[in-house]
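Here's the letter readout for the chains.
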Amino acid sequence: MSAPNDPDRRDFRGYHGAEPAPCWPDGARLAVSFVVNVEEGAEYAIGDGDPRNESVYEIREEVEHVPDLCMESHFAYGTRQGYARIVRALGKVGARATFSTCGRVAERAPWLLADAVARGHEVSCHGWLWERHANMDRAHEASIIERTHAAITAATGIAPVGWHTRSSASVNTRNLLLERGDFLYDSDAYDDDIPRMQGTHVILPYAFDTNDMRFSPGGGFVQARDFSDYVIGAFDRLYAEGAEAARMMSIGLHLRLIGRPGRIAGLEEVLAHIAAHKGVWIAPRRDIAAHWAKEHSI
């Protein structure tokens, strides 16, 4: 780990002055990645033996010392109703997504992941629980990565190749992935609209703004059109820029958020808008990472 005052610890320059040229399949000017976060049942819950209950969802409240049946029920909406609406919307335009999945969900709802795979979607790793990794010690985090990878492999029959940590990764996360050698990419970066390589490993930036998490309290989205207006605006700008340089767009979804009946129209409008444009490659993150590595590996 670099010293706190090391001027090289953080890279503020990126591709400045030397952005890579468009490189997507069939001359596409923009790669679009829909990431569906599957966290239902992996949130902190005393009833499941965790040390505390989750405190953030449609409301900001934490029930202490006893199971929070209200919060558990809110999360369960995602698998019971939200998932079906999201996959129907994606299916209407033939869009394949990445289902970023917590390991405990893979153990509890393998049927959902099997269905996603049958529809042509990718299932990737999103930690064992819906939790930060920032303060984990190295050995414990390595065991979490192994447990998550094993659970998703068992549920889908396909070894996952992607990783994304909730909130902050630890200072060890990426190195642990590299040491394993079976992860093609991670999404623990928010600093660019262009992928990059670290050796043979691909870093695919993610985004919190083009993300339905902003329907959460104070997040800025209330109506379905708030989501669609913002995401379409971002798409239009990246699509225009993609004529001159490589661009990738991430759109973050959650079963229990965009899957609500008052919000799903926002996703449907986004999908229809994107599908109406030529030169757009909608693909799972594993495909985007594999293509980028093929084009940019040294």
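Whatever comes next refers back to the structure up there.
A short tour of the structure in this document, coming up. (Residues numbered from 1 in each chain as written. Predicted model: local features only at pLDDT ≥ 70, side-chain atom pairs only at ≥ 80, totals over all residues. Heavy atoms only, no water.)

1. Focus on the overall build of the chain
Counting its regular elements, the chain contains eight helices and nine strands. The C-alpha atoms of the chain give a radius of gyration of 19 Å, which matches the 19 Å a tight globule of 298 residues would have. Pairs at least 24 apart in sequence give 71% of the contacts found in the chain among residues at least 6 apart. Surface summary for the chain: the accessible area is close to 13,600 Å², and the carbon and sulfur share equals 49%. Treating the 32 positive side-chain charges of the chain as one cloud and the 42 negative ones as another, the clouds have centres 4 Å apart. (Helix = DSSP H or I, 4+ residues; strand = E, 2+ residues; numbered from the N terminus. Rg over C-alpha atoms; globule rule 2.2 N^0.38 Å. Contact = heavy atoms within 4.5 Å. Areas by Shrake-Rupley, 256 points an atom, 1.4 Å probe, with all protein chains shown as cover. Lys, Arg positive; Asp, Glu negative; His and termini not counted. Charge placed at Lys NZ, Arg CZ, Asp CG, Glu CD.)

2. What about the packing of aromatic side chains?
Under the criterion given, the structure shown has 13 aromatic pairs. Taken together, a centroid distance of 5.8 Å and an interplanar angle of 65° make the contact between phenylalanine 75 and tryptophan 130 edge-to-face. With phenylalanine 75 in helix α1 (residues 69-92) and tryptophan 130 in the loop between β3 (122-125) and α4 (138-156), this pair connects stretches of sequence that are 55 residues apart. Centroid distance phenylalanine 215 to phenylalanine 221: 5.5 Å. Interplanar angle 65°. Geometry classified as edge-to-face. (Phe/Tyr/Trp six-rings, centres within 6.5 Å; stacked < 30°, edge-to-face > 60°.)

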